[in-house]
Amino acid sequence: MSGSGSPAATLVGRFLVAAPSMPDERFQKSVVFLCKHDDDGALGIIVNNKVDDLPLGQVYKQLGIEVPRETAERPVLFGGPVETSRGLVLHSADYKREETLLIDGGMALTASLEILKDMADGSGPKNAWLALGHSGWAPGQLDREMQDNAWLVVDGDAELVFDADFAAKWQRALDRLGSKTALGGKFDLASFSNQSGRA
């Protein structure tokens, strides 16, 4: 279901990692999994920030759906500051509905009550997070933010997306940049410059 008109350097299926110099407080130390990136803009889900005091079971209770205790205690992600009352499910691609957006790397995004019902009865995806809200960018906005060094790009993968250690995700994502250097797998914050330029 990816749209036509994708930019030459699409970032779908990758992580946007907030640079140490991120100017927007809402995104400081955020790890955003990018689900859509084309000429119409971009959409992602913050995967290392949960909604305080809102376990998944409370959402199911409001919907009148019974769930096992283990499911009820799972956190709900704060997906971003756009449409914060709207729920989106970021999940493994082993589950698909007509409205599901398939994403590179074996991931998918679905926004429907049916996926929540299927998750409750055990017929949903193997891995999933319910996110309230999402992160969105108008056409060209993300590209400008990247030119301003607000974001670093890291290859995405399901292991980091579905890891429940939210506090460690930002550093772990940064360390993936360090693993491509001679620094022994650690990203050196002191070497990062928030100045952009051209060679």
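The residue numbering used here restarts from 1 in each chain and proceeds along that chain's sequence as written. It should be noted that, the model being predicted, local features are given only for residues of pLDDT at least 70 and side-chain atom pairs only at 80 or more, the latter also being counted only at that level, while totals for whole chains, interfaces and linings use all residues. Side-chain figures throughout are based on the complete set of non-hydrogen atoms in the structure, without hydrogens or water.

### Re the pattern of salt bridges
Move 1: Note on definitions: salt bridges are taken to be side-chain nitrogens of Lys or Arg within 4 Å of carboxyl oxygens of Asp or Glu. The final tally for this structure, using the stated rule, is 10 salt bridges.
Move 2: D118 is paired through a salt bridge with R97; the nearest N and O atoms lie 4.0 Å apart. Here D118, found in helix α3 (residues 113-121), pairs with R97, found in the loop between β6 (82-92) and β7 (101-103); they are 21 residues apart in sequence, far enough to count as distant.
Move 3: A residue is classified by how much of its surface remains accessible, and D118, at 18% relative accessible area, is buried.
Move 4: A relative accessible area of 26% means that R97 is categorised as partly exposed.
Move 5: Where R172 meets E159, a salt bridge forms, and the shortest distance between an N and an O atom there is 4.0 Å. In this pair, R172 sits in helix α6 (residues 166-178) while E159 sits in helix α5 (residues 158-162), placing the two residues 13 residues apart along the sequence.
Move 6: Given a relative accessible area of 59%, E159 falls into the exposed group.
Move 7: Counted as one network, the salt bridges with shared partners bring together R97, E99 and D118. For the purposes of this entry, the term helix denotes a DSSP run of H or I that reaches at least four residues, the term strand denotes a run of E that reaches at least two, and both are numbered from the N terminus. Using a 1.4 Å probe on the protein chains alone, a residue whose accessible area is under 20% of its type maximum counts as buried, one over 50% counts as exposed, and one in between counts as partly exposed.

### Structural notes on the confidence of the model for the protein
Move 1: The quantity called pLDDT is the predictor's confidence in a given residue, expressed from 0 to 100. Looking at the protein, the pLDDT average stands at 88 and 85% of residues meet or exceed 70.
Move 2: Here, two residues are considered to be in contact whenever any of their heavy atoms come within 4.5 Å of each other. In the model, residues 1-8 has pLDDT below 50 throughout and makes 12 contacts with residues more than four positions away in sequence or in other chains.

### Quick look at the nonpolar core
Move 1: Grouped together as the largest cluster of nonpolar side chains are 42 residues, with contacts concentrated most on L90 and W151.
Move 2: In terms of residue count, the dominant contributor to this core is strand β2 (residues 31-38) (5 residues).
Move 3: Beyond its immediate stretch of four places on either side in the chain, W151 contacts L16, V17, A18, A19, M22, F27, S30, V32, W137, L142, E145 and M146.
Move 4: In this text, buried Ala, Val, Leu, Ile, Met, Phe, Trp, Tyr and Cys residues form a nonpolar core when linked through side-chain atoms within 4.5 Å. In terms of nonpolar packing, the next biggest core, distinct from the first, is built from 16 residues, Y60, V76, I115 and M119 among them.

### Brief notes about the packing of aromatic side chains
Move 1: Classification of ring pairs rests on two measures: the distance between centres of Phe, Tyr or Trp rings, Trp counted by its six-membered ring, which must be within 6.5 Å, and the angle between planes, read as stacked under 30 degrees, edge-to-face over 60 and tilted in between. Tallying each qualifying case throughout the model produces 5 aromatic pairs.
Move 2: Taken together, the aromatic side chains of F27, W137 and W151 make up a single cluster linked through ring pairs.
Move 3: Geometry around W129 places R74 over its ring, the cationic atom sitting 4.2 Å from the centre. Definition used: whenever NZ (Lys) or CZ (Arg) falls within 6 Å of the ring centre and also within 35 degrees of the ring normal, the charge is taken to sit over that ring.

### Things to note about the pairing of strand β9 (residues 128-137)
Move 1: In terms of burial, β9 is a largely internal element, 9 of the 10 residues being buried.
Move 2: Pairing between strands is defined by DSSP: at least two bridges between the two strands are required. In terms of strand pairing, strand β3 (residues 41-46) meets β9 through 3 bridges, oriented antiparallel. By the bridge assignment for β9, L43 is matched with G136.
Move 3: Inspection of the sheet shows β6 paired to β9 by 6 bridges, in the antiparallel sense. Bridge pairing links L88 to A131 in β9.

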